[in-house]
Amino acid sequence: MSNASSLRIGLFGFGVVGQGLYDVLGRTPSLNTRIERICVRDRKKERSLPIELFTYDKEILLQDPNVDVVVELIDDAEAAFHIVRDALLAGKAVVSANKRMIASRLPELLELQRTTGRPFLYEAAVAGSIPILRNLEEYYDNDLLSSVQGIVNGTTNFMLTRIAEGNGDEKDVYGEALKLAQQKGFAESDPTMDVEGWDPAFKTVLLALHGFGVVLRPEQVVRKGISSIRRADARWAAERGATIKLIARVVVNKGRVSASVLPTVVPNTDHLAKVNNELNAVQLQAAFADSQLLVGKGAGGGPTASAVLSDLSALRYDYRYSYRKLAANTGLVVDTERIGTFYASGAAADVNAIPLVKLIAQGEAEGLRWVVGVSDARSPKMEEVFTKAGLFWAEVAPEVAIAGPAVQVALDEASV
Ligand code: HSE
């Protein structure tokens, strides 16, 4: 690849990111790339480029000896996997942004890279423009890194920002915020992937792989989305000097790894509380470097294309992921326990059904019952209450819970 005078690209998909990439490549002539052909599905859609540049037959791209690199930017995870597999088997280098496909098919994709020896890069799959995967892969030794956490879904962060700011229609602040995120091109084509926390869970799988050498299945990420949030929850947090954020987290401690995506009540003094709109942030905790924070745009055409561009540039010097930590960390045990200290709100019957080991505070606001406590992770009822529709859950730091106005039961008196 490094000997090629130009990098010849076969592009799959011409949506928000595909068009962003076309733009970005046009503005970076120093990279010396050429898009040979673009494979798309929809024959009726009007295209902004000459029609001769498009094909509807994936084999034309996959078998084209002029194509060095296949860039896969389509939506359908199953079709994307077949493209990536066939491209690697055809001897092409591959770049993808499809976090769902990669996180769901990790073992096969690792094996394909091993057997074909071809590079497969996917920086754009996690946190858009933030350079995190190659950073985790090359810079941080896994013994020194203890956690990777952050905001890795632009759609929900954009929605949570609007809900917290109280923008828009009081009655449908959630629906309005989602619609705007869709219009801006941040949301997945099926936005339940964003609001139920699947999209950040896929990204968490990739953070666990490159940060700690752990292969997780997306279902092993303890996951709760924001679809049950109401404005009252955002107000509850604001009254206590805090903000609700959807936080993805991978923590390794004493031979155990836990991965989660949970709404979290973050004190406003924390850097993550200030990361708003579609911005993403990744915070690393390492033994001697201590805490570090990377912030940048996590969704949208240009920012996501910037990460694809960086992968293309890396291919020019034959870069590939080495997955060194994967070999080193085979003994880690995966923890899938539900959250400890939490805030929950919803209908009184649902909130009262949560099994607790400790009640810290409780009250009512805007017709909803809320509770702060420590949940009983081992109770058989946990699965049912944790997944209950309409019940909003958030992890909460104890200093947030006790800092609020009255309506609280003293911690010791209330313990059950
Ligand atoms: N739907 C994703 C998000 C797109 O909102 O972050 C970028 O991965």
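Structure: above.
Before we move on, could you go through the overall build of the chain and cite the residues and values that matter?
Scanning the chain from terminus to terminus reveals 17 helices and 17 strands. Taken against the 2.2 N^0.38 rule, which gives 22 Å for 416 residues, the C-alpha radius of gyration of the chain at 22 Å falls within 12% of a compact globule. The principal-axis extents of the C-alpha atoms in the chain amount to approximately 75 × 50 × 35 Å. Counting across all 416 residues of the chain, residues that qualify as buried make up 55%.

Outline the site of the ligand, listing residues and values.
Neighbouring the ligand are Lys99, Asn153, Gly154, Thr155, Phe186, Ala187, Glu188, Asp194, Asp199, Lys203, Gly298 and Ala299. Within the contact set of the ligand, an oxygen atom lies 2.6 Å away from a side-chain nitrogen or oxygen of Thr155. In the environment of the ligand, a nitrogen atom lies 2.8 Å from a nitrogen or oxygen atom belonging to the side chain of Asp194. When the ligand is considered free in solution it has 260 Å² of accessible area, and contact with the protein chains removes 93% of it. Counted by class, the shell around the ligand contains 3 nonpolar, 4 polar and 5 charged residues.

Explain the pattern of salt bridges to me, and be specific about the residues and the numbers.
Under the criterion given, the structure shown has 19 salt bridges. Taking the shortest distance from any N to any O, the salt bridge between Glu188 and Lys99 comes out at 2.9 Å. You can see Glu188 sitting in the loop between helix H8 (173-183) and helix H9 (192-195) and its partner Lys99 sitting in helix H4 (residues 99-104), a full 89 residues away along the chain. The residue Arg105 makes a salt bridge to Glu108 at a minimum N-O spacing of 3.0 Å. Taking the relative accessible area as the measure of exposure, Arg105 reaches 18% and is therefore buried. We classify Glu108 as partly exposed; its relative accessible area is 36%. Linked through salt bridges whose partners overlap, the residues forming this network are Lys99, Glu188, Asp199 and Lys203.

So what's going on with the side chain of Glu72? Residues and values would help.
Within the secondary structure, Glu72 sits in strand S4 (residues 69-72). As a buried residue without a salt bridge, Glu72 has its nearest oppositely charged side chain in Lys99, at a separation of 10 Å. Engagement of the side chain of Glu72 in a polar contact is seen with the side chain of Ser96, the distance being 2.5 Å. Sequence-distant contacts of Glu72, that is, excluding residues within four places in its chain, are made with Phe12, Ala80, Ile83, Val84, Val95, Ser96, Ala97, Asn98 and Met101.

Describe the packing of helix H7 (residues 154-165) against H8, with residues and values.
Axis separation between H7 and H8 bottoms out at 9 Å; the angle between their running directions is 140°. Relative to H8, H7 is oriented oblique. Relative to H8, the crossing made by H7 is right-handed. Here H7 contributes Thr155, Phe158, Met159, Arg162 and Ile163 to the contact with H8, which in turn contributes Val173, Tyr174, Glu176, Ala177, Leu178, Leu180 and Ala181. For the contact of H7 with H8, the per-class residue count stands at 9 nonpolar, 1 polar and 2 charged.

What counts and how
Residues numbered from 1 in each chain as written. Predicted model: local features only at pLDDT ≥ 70, side-chain atom pairs only at ≥ 80, totals over all residues. Heavy atoms only, no water. Helix = DSSP H or I, 4+ residues; strand = E, 2+ residues; numbered from the N terminus. Rg over C-alpha atoms; globule rule 2.2 N^0.38 Å. Buried < 20%, exposed > 50% of the residue type's maximum accessible area, 1.4 Å probe, protein only. Near = heavy atom within 4 Å. Polar contact = N/O pair within 3.5 Å; in protein donor to acceptor, adjacent residues only side chain to side chain. Areas by Shrake-Rupley, 256 points an atom, 1.4 Å probe, with all protein chains shown as cover. Nonpolar A, V, L, I, M, F, W, Y, C, P; charged D, E, K, R; others polar. Salt bridge = Lys/Arg side-chain N within 4 Å of Asp/Glu carboxyl O. Lys, Arg positive; Asp, Glu negative; His and termini not counted. Contact = heavy atoms within 4.5 Å. Axes fitted to C-alpha atoms, helices over the stretch in contact; angles between N-to-C directions. Parallel < 35°, antiparallel > 145°, perpendicular 65-115°, else oblique. Left-handed = near helix turned anticlockwise from the far one by under 90°.

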